[in-house]
Amino acid sequence: MAESLSTVGLLNVQLAVQEGDDGPTVYVLEANPRSSRTVPFVSKATGVPIAKLAARAMAGESLAEIDAAEQIPEQPSVKEVVLPFDRLPDSDPRLGPEMKSTGEVMGTADSFGAAYGKAQIAADNEIPESGTLAVDGDWPAAVIDEFTEYLDAIDPDDLDAALKEGRVDFLLSTERDSLRTAVDEEIPYLSTEASARAALAALEAGAEADGSLAGVDVAALSDRPTREENWG
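Residue numbers here run from 1 along each chain, matching the order of that chain's written sequence. Per-residue local features of the predicted model are confined to residues with pLDDT of at least 70, and side-chain atom pairs are confined, for both listing and counting, to 80 or more; whole-chain, interface and lining totals are unaffected and use all residues. The side-chain values count all of the structure's non-hydrogen atoms but skip hydrogen atoms and water molecules.

J.: Explain the overall build of the protein to me, please; I cannot follow it from the model alone.
T.: The numbering of helices and of strands both runs from the N terminus, where a helix is a DSSP run of H or I of at least 4 residues and a strand a run of E of at least 2. Secondary structure assignment for the protein yields 8 helices and 10 strands. When its C-alpha atoms are laid out on the principal axes, the protein stretches across 70 × 55 × 25 Å. To sort residues, take the accessible area from a 1.4 Å probe on protein chains only and compare it with the maximum for the residue type: under 20% means buried, over 50% means exposed, and anything in between is partly exposed. Going through the 232 residues of the protein one by one, you find that 35% of them count as buried. A contact between two residues is defined here by any heavy atoms of the two lying within 4.5 Å. Expressed as a percentage of contacts within the protein between residues at least 6 apart in sequence, the contacts between residues at least 24 apart total 58%. To measure how exposed things are, a 1.4 Å probe is used in the Shrake-Rupley method; for residues, cover is taken only from the protein chains shown. Split by element, the accessible area of the protein, about 13,900 Å² in all, is 50% carbon and sulfur. Taking the average place of the 17 positive charges on the side chains of the protein and the average place of its 45 negative ones, the gap between the two points comes to 7 Å. We treat Lys and Arg as the positive residues and Asp and Glu as the negative residues; His and chain ends play no part in the count. Where a charge lies is defined by one atom per residue type: Lys uses NZ, Arg uses CZ, Asp uses CG and Glu uses CD.

This is the structure:
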C-alpha cells in the first residue's frame, strides 16, 4: 500500500477483521501518514500551524525565512479516542496494546480535569455527575470511594439485566461482557484505572465550577491564551 500510494515516511493502516464461515476477511478502513492525528492535535493545542510550516519548509523556505515563533499554551488540552465498538457488533471493548480508535476529539480548559471532562462529552461518553454507579472487575477501593461522593454505588444480582433495564448510569468495568452491554445500551463507561482517576478530576472540576460540566465554556482556538517561548 505504501508503495502504491508513493508514501514517503511512515504509514498508519487501520484494519478490521471479520470472522466468517470461509475464514477471516480483512478490511482496510484507512491508510494515512503516521502523523495525521498527532500533528493536528499539537497544532491546535499550541496554536502553531505545524503542517503549514512543514509544507513551506518542504517547498524550499528556510526556517529563518519562515520566522515562526514557538508558543506554549496557558491551558491544558486532552486528546481522547473515539472507539468504534458501537459499529462493530460483538467486538471486544477491552483495551489492549493494539490501536482500536477510529478517531479523536479534543478538550481544552483551565484545568486538566475540566479538559478531560469536555473531551469525554465530545467523545459521547459524558461522565454523569449524579445517578448510579456499577462496578465490575478488580478496582482500587479508594477509587470507588471517591466516585461515591458523586454517584450511588449499586451491586445488582444481575448486572447485565440492570444495564439493559436502565438502572445503571455509569459503569467501571474490566470485563468484556458488561462492557459490551454498556456499549450496546449507550451507557457511559471507563475500563482503566487511569481513565477513572481522570474522570474523578473532571467531576471535581465540575463541582468547583458551577456544579456541572454540562455548562462548559466554548471558545475559538484562536482566542486561547498562549505565550511565545522556546520549548525546554
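J.: Help me understand the side chain of Arg37 in this model?
T.: Tracing the backbone shows Arg37 in the loop between β2 (25–33) and α1 (38–46). The exposure class of Arg37 is buried, given its relative accessible area of 13%. Identification of polar contacts relies on pairs of N or O atoms within 3.5 Å, with a donor-acceptor requirement for protein atoms, meaning one able to donate a hydrogen and the other able to accept it, and with residues adjacent in sequence counted only if both atoms are side-chain atoms. Within the structure, Arg37 has its side chain in polar contact with the side chain of Glu104 (distance 2.7 Å). Excluding residues that lie within four positions of it along the chain, Arg37 makes contacts with Gln14, Glu30, Lys79, Met99, Ser101, Thr102, Gly103 and Glu104.

J.: How should a nonpolar patch on the surface be read in this particular structure?
T.: Patch membership requires more than 30% relative accessible area and the absence of a salt bridge. Residues of like charge join within 9 Å; the nonpolar side chains Val, Leu, Ile, Met, Phe, Trp and Tyr join within 5 Å. A pair is scored as a salt bridge if a Lys or Arg side-chain nitrogen falls within 4 Å of a carboxyl oxygen belonging to Asp or Glu. Taken together, the side chains of Met1, Leu5, Val13, Leu15, Val17, Val26 and Val28 present a nonpolar region at the surface, about 650 Å² in accessible area. Within the residue set of the nonpolar patch, elements represented by two or more residues are β1 (11–18) and β2. The element contributing the most residues to the nonpolar patch is β1, with 3 residues. With respect to the helices, strands and loops of the structure, Val28 is situated in strand β2.

J.: In this structure, what is going on with the pattern of salt bridges? I would like to understand it.
T.: A pair can form between side chains of opposite charge whenever their charged atoms are brought close. Summed over all chains, the structure comprises 11 salt bridges. Residue Arg87 pairs with Asp86 through a salt bridge whose shortest N-O separation is 3.4 Å. A relative accessible area of 52% means that Asp86 is categorised as exposed. The salt bridge partner of Arg197 is Glu193, with a shortest N-O separation of 3.0 Å. Of this pair, Arg197 and Glu193 both sit in helix α8 (residues 193–208), 4 residues apart, roughly one helical turn. Among the residues examined, Arg197 registers a relative accessible area of 39% and is labelled partly exposed.

Structural measurements only, silent on function.
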